[in-house]
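# A closer look at the structure
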Amino acid sequence: AGGRTPGAQAEAAARRALAQADADAAALEILLNVSRTYGGLISLQASARAVDAAIDAAAEDLRRAERRRDAGTVTDADVLAVSVHLSDLRQRRLQLDADRAAAAAQLNRLMGNAIDAPVEPAGLAPVTSADLGNLASLFAEAEAARPDLRRADAHVRLADAAGRQARSVWWPTVAAQAGVEWNGVTFGDRSRAWVVGGELRWSLSLSNADRARIAAARAARTAATLARDDVRAAVQVDVLTVVRRLEAARARVTVGAEAM
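## Structural notes on the overall build of the protein
When you go through the protein residue by residue, the secondary structure sums to 5 helices and 2 strands. Reading the protein from its N end, one meets helices and strands in the order α-α-α-α-β-β-α. Working note: accessible area of the protein is about 17600 Å², and carbon and sulfur atoms make up 58% of it.

## Overview of helix 2 (residues 76-111)
The end-to-end C-alpha distance of helix 2 is 52 Å, a good match for the 52 Å that 36 residues give at a rise of 1.5 Å each. Three or more residues of helix 2 are buried, namely Val79, Val82, Leu86, Leu89, Arg93, Leu96, Ala103, Ala104, Leu107, Asn108 and Leu110. In the segment just after helix 2, Gly112 is the residue with positive phi, at about 80°.

## A few points about the packing of helix 4 (residues 147-167) against helix 5 (residues 208-259)
The contact between helix 4 and helix 5 brings their axes to 9 Å, and the two run at 170°. Taken together, the axes of helix 4 and helix 5 are roughly antiparallel relative to one another. Mapping the contact onto sequence places Asp148, Leu149, Ala152, Asp153, His155, Val156, Ala159, Asp160, Ala162, Gly163, Ala166 and Arg167 in helix 4 and Arg213, Ile214, Ala217, Ala220, Arg221, Ala224, Thr225, Arg228, Val231, Arg232 and Val235 in helix 5. Its residues assigned to classes, the contact of helix 4 with helix 5 shows 12 nonpolar, 3 polar and 8 charged.

## Digging into the environment of Ala176
In this structure, Ala176 sits in strand 1 (residues 173-184). With a relative accessible area of 72%, Ala176 lands in the exposed category. What Ala176 contacts, discounting residues up to four positions off in sequence, is Gly197 and Gly198.

## Observations concerning a nonpolar patch on the surface
Together, Val180, Trp182, Trp194 and Val196 give the surface a local cluster of nonpolar side chains, amounting to about 520 Å² of exposed area. Considering the arrangement of structural elements, one finds Val196 in strand 2 (residues 190-201).

## Structural notes on the packing of helix 3 (residues 135-145) against helix 5
Close contact between helix 3 and helix 5 brings their axes to 10 Å; oriented N to C, the two are set at 125°. Here helix 3 lies oblique to helix 5, going by the angle between them. In the crossing of helix 3 with helix 5, the sense of the turn from one axis to the other is right-handed. Within the contact between the two elements, helix 3 uses Leu135, Leu138, Phe139, Ala142 and Glu143 and helix 5 uses Arg232, Val235, Gln236, Val239, Leu240, Val243 and Arg244. Residues of the contact of helix 3 with helix 5, tallied by class, amount to 8 nonpolar, 1 polar and 3 charged.

Parameters and conventions
- Residues numbered from 1 in each chain as written.
- Predicted model: local features only at pLDDT ≥ 70, side-chain atom pairs only at ≥ 80, totals over all residues.
- Heavy atoms only, no water.
- Helix = DSSP H or I, 4+ residues; strand = E, 2+ residues; numbered from the N terminus.
- Areas by Shrake-Rupley, 256 points an atom, 1.4 Å probe, with all protein chains shown as cover.
- Expected span 1.5 Å × (residues − 1).
- Buried < 20%, exposed > 50% of the residue type's maximum accessible area, 1.4 Å probe, protein only.
- Axes fitted to C-alpha atoms, helices over the stretch in contact; angles between N-to-C directions.
- Parallel < 35°, antiparallel > 145°, perpendicular 65-115°, else oblique.
- Contact = heavy atoms within 4.5 Å.
- Nonpolar A, V, L, I, M, F, W, Y, C, P; charged D, E, K, R; others polar.
- Patch = residues over 30% accessible without salt bridge, like charges linked within 9 Å, V, L, I, M, F, W, Y side chains within 5 Å.
- Salt bridge = Lys/Arg side-chain N within 4 Å of Asp/Glu carboxyl O.
- Left-handed = near helix turned anticlockwise from the far one by under 90°.

Structure follows, in structure tokens:
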């Protein structure tokens, strides 16, 4: 009927795509939170090992300082300074244990496990220098996978459908119908009749309200398109930022390995 049904179908399809994008965004957010929490737990575990090594070194420094004090080469103040440093390291170790317990509980919550279930991080895979590809391919991959961009595309299609619905008041409506009937007193003595009809309606709307609705739909479509372009630019910024951070992290790993 004059584009009204296709417009309604397009609107329904856009709303369905919008709902799917929202569901995908929620699932992706859960995955990202799990990854961040797991990475934080591994970082805390590494920090705990580093503090343990520092505690061992500080304890040895304290014993050495006490021997030197007994020998008269250092004062009690020197021993006290090392003792305070050792106490500070032990306090940091206790705080790390608390932070690790909180991170493990949060990870269990995100994964649907019991909050107090034991968590033993397996560690991260070794850092490799595999080529990530050029930025154009990374941009295309991200744009195809990001739910926020698919949501923005659905909003544009929804605005297109609304615009077609608004313009449909000026389109003709065509309707057709047909019927066949049998009339008679007995089953074997009946006559057949049929009817075919058609109808064409065309509303010549002279109302400024219809023009205003069409202008509003056009403006909404422009706004949705600009919003989609902004989301696409934000996705590209995210990709570029992560690539540069990964490059910097690989460089830090190389420098750290040389230092070790």
